[in-house]
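Next come the chains, spelled out residue by residue.
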Amino acid sequence: MAYRTLADTATLAKNLHDPGWRIFDVRHDLADPELGRQLYAEGHIPGATFISLDTELSAPKTGSTGRHPLPD
């Protein structure tokens, strides 16, 4: 899989305190779903908000929608 950087580190540093920017920490490990929150608690980009893939970026699981169904 190819990754695409949304903002390079220089651009992020320049805009870190700009109120128009929002920084989200969405680290996730399928084998350990709480690891992302734990790593965020240990250290993150100043001002970043943690968002959970399981609870905030996925719709409720119904048994037939898969592991991380897209929210409405």
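### Remarks on the overall build of the chain
Piece 1. Along its length, the chain carries two helices and two strands.
Piece 2. Taken from N to C terminus, the helices and strands of the chain fall in the order α-β-α-β.
Piece 3. Computed over its C-alpha atoms, the radius of gyration of the chain comes to 15 Å, more than 25% above the 11 Å expected for a compact globule of 72 residues.
Piece 4. For the chain, the spread of C-alpha atoms along the three principal axes comes to 45 × 25 × 25 Å.
Piece 5. The 72 residues of the chain split such that 18% are buried.
Piece 6. Pairs at least 24 residues apart make up 32% of the contacts formed inside the chain by residues separated by at least 6 positions.
Piece 7. Accessible area for the chain stands at about 5,900 Å²; split by element, carbon and sulfur atoms hold 56% of it.
Piece 8. Once the 7 positive and 10 negative side-chain charges of the chain are each reduced to a mean point, those two points are 5 Å apart.

### Some words on the packing of aromatic side chains
Piece 1. Tallied over the full model, the rule gives one aromatic pair.
Piece 2. Their ring planes at 45 degrees and their centres at 5.6 Å tell us that Tyr-40 and Phe-50 sit as a pair that is tilted. Highlighted residues: Tyr-40 in helix 2 (residues 35-42) and Phe-50 in strand 2 (residues 49-50), separated in sequence by 10 residues.
Piece 3. Given the relative accessible area of 18%, Tyr-40 is considered buried.

Cut-offs applied
- Residues numbered from 1 in each chain as written.
- Predicted model: local features only at pLDDT ≥ 70, side-chain atom pairs only at ≥ 80, totals over all residues.
- Heavy atoms only, no water.
- Helix = DSSP H or I, 4+ residues; strand = E, 2+ residues; numbered from the N terminus.
- Rg over C-alpha atoms; globule rule 2.2 N^0.38 Å.
- Buried < 20%, exposed > 50% of the residue type's maximum accessible area, 1.4 Å probe, protein only.
- Contact = heavy atoms within 4.5 Å.
- Areas by Shrake-Rupley, 256 points an atom, 1.4 Å probe, with all protein chains shown as cover.
- Lys, Arg positive; Asp, Glu negative; His and termini not counted.
- Charge placed at Lys NZ, Arg CZ, Asp CG, Glu CD.
- Phe/Tyr/Trp six-rings, centres within 6.5 Å; stacked < 30°, edge-to-face > 60°.

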